[in-house]
Amino acid sequence: NAGVTQTPKFQVLKTGQSMTLQCAQDMNHNSMYWYRQDPGMGLRLIYYSASEGTTDKGEVPNGYNVSRLNKREFSLRLESAAPSQTSVYFCASRGGVLNTEAFFGQGTRLTVV
Amino acid sequence: DQQVKQNSPSLSVQEGRISILNCDYTNSMFDYFLWYKKYPAEGPTFLISISSIKDKNEDGRFTVFLNKSAKHLSLHIVPSQPGDSAVYFCAASQGGKLIFGQGTELSVKP
């Protein structure tokens, strides 16, 4: 079982470049999430999608956009990368019933120089 | 404003003793709480959860306690084992939103 798959695993960008982080889940989950992890800051919610066709801002949405392409896929786009967006990004998905656990991908380590 | 707070960045415990990790939250609308464990270079993995209508949930060596009046939850690990050494995150849910704390790094010494 693949679970939650994130691509790429590593990426280096120059300031001002754009890129899209991809996330796909094969568990037929309704909800999907994007987090960033920074030292001392824990996991901060960037955007989430409670169901296909909806997206909502999390705690730190500035500088990011998301697309819930279909039930399986939820992408995160950086239009103009900044050094402050250097982080480890995690995608997660959560089942049909809201009060269940979320499953995480392995993360994407992004460095913006 | 951080809605979910873990005020202890680190905790060191002797093998076989109890580990107690704490978490505070500010939003009384949270209705489900979870604990996750994370090893370096891996995604977080689910450990245990509790609904807001309960005050305790137990799963083997792990017990989560919820004090709604104090907006506080804790994770007890008994007995602690060296393999429990990891970063532990608490999380709180309201509808589709899932918010995490800053994490506590647990070190269990042999």
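Numbers given to residues run from 1 along each chain, matching the order in which its sequence is written. Just so you know, chain letters begin at A and ligand numbers begin at 1, following the order they were written in. Thresholds applied to this predicted model are a pLDDT of at least 70 for local features of residues and 80 or more for the giving and counting of side-chain atom pairs; totals over whole chains, interfaces and linings are not thresholded and use all residues. Side-chain figures throughout are based on the complete set of non-hydrogen atoms in the structure, without hydrogens or water.

Chemist: Where do I start with the overall build of chain A in this structure?
Modeler: Counting from the N terminus, the helices are DSSP H or I runs at least four residues long and the strands are E runs at least two residues long. Scanning chain A for helices and strands turns up 0 helices and 11 strands. Reading chain A from its N terminus to its C terminus gives the helix and strand order β-β-β-β-β-β-β-β-β-β-β. By its C-alpha atoms, chain A is 40 × 25 × 25 Å across when sized along the principal axes. Residues counted as buried form 46% of the 113 residues belonging to chain A. Any two residues whose heavy atoms approach within 4.5 Å are treated as being in contact. If you take every contact in chain A between residues at least 6 apart in sequence, the share linking residues at least 24 apart comes to 54%. Per-residue and other accessible areas were derived by the Shrake-Rupley procedure at a 1.4 Å probe size, with only the shown protein chains allowed to occlude residues. Carbon together with sulfur atoms contributes 50% to the accessible area of chain A, which is approximately 5200 Å² in total. His is not counted, nor are the chain ends; Lys and Arg add positive charge and Asp and Glu add negative charge. To locate a charge, take NZ of a lysine, CZ of an arginine, CG of an aspartate or CD of a glutamate. Once the 11 positive and 8 negative side-chain charges of chain A are each reduced to a mean point, those two points are 6 Å apart. Relative accessibility thresholds used throughout: buried, under 20% of the residue-type maximum; exposed, over 50%; partly exposed, between the two (1.4 Å probe, protein chains only).

Chemist: Would you mind showing me how to read the overall build of chain B here?
Modeler: Helix and strand counts for chain B come out as 0 helices and 11 strands. Reading the helices (α) and strands (β) of chain B from amino to carboxyl end gives β-β-β-β-β-β-β-β-β-β-β. In terms of C-alpha radius of gyration, chain B reaches 13 Å, essentially the compact-globule figure of 13 Å for 110 residues. With respect to the three principal axes, the spread of C-alpha positions in chain B is 40 × 30 × 20 Å. Relative to its 110 residues, chain B shows a buried fraction of 46%. Taking as baseline every contact in chain B between residues at least 6 positions apart, the subset at least 24 positions apart corresponds to 53%. On chain B, roughly 5100 Å² of surface is accessible, and the fraction owed to carbon and sulfur atoms is 47%. Within chain B, one finds 11 positive and 10 negative side-chain charges whose respective centroids are separated by 3 Å. Only C-alpha atoms enter the radius of gyration, while the globule expectation follows 2.2 Å times N to the 0.38, with N the number of residues.

Chemist: Teacher, can you tell me more about the sheet that holds strand S7 (residues 62-67) of chain B here?
Modeler: Pairing between the strands of a sheet is mediated by backbone hydrogen bonds and can be parallel or antiparallel. Strands sit in the order S1-S3-S8-S7-S6 (chain B) across an open sheet of 5 strands; the sheet is antiparallel. Where the open sheet ends on each side, the last strands, each with one partner, are strand S1 (4-5) and strand S6 (56-59) of chain B. Here, strands pair whenever DSSP counts at least two bridges between them.

Scope: geometric values only; no functional claims are made or implied.
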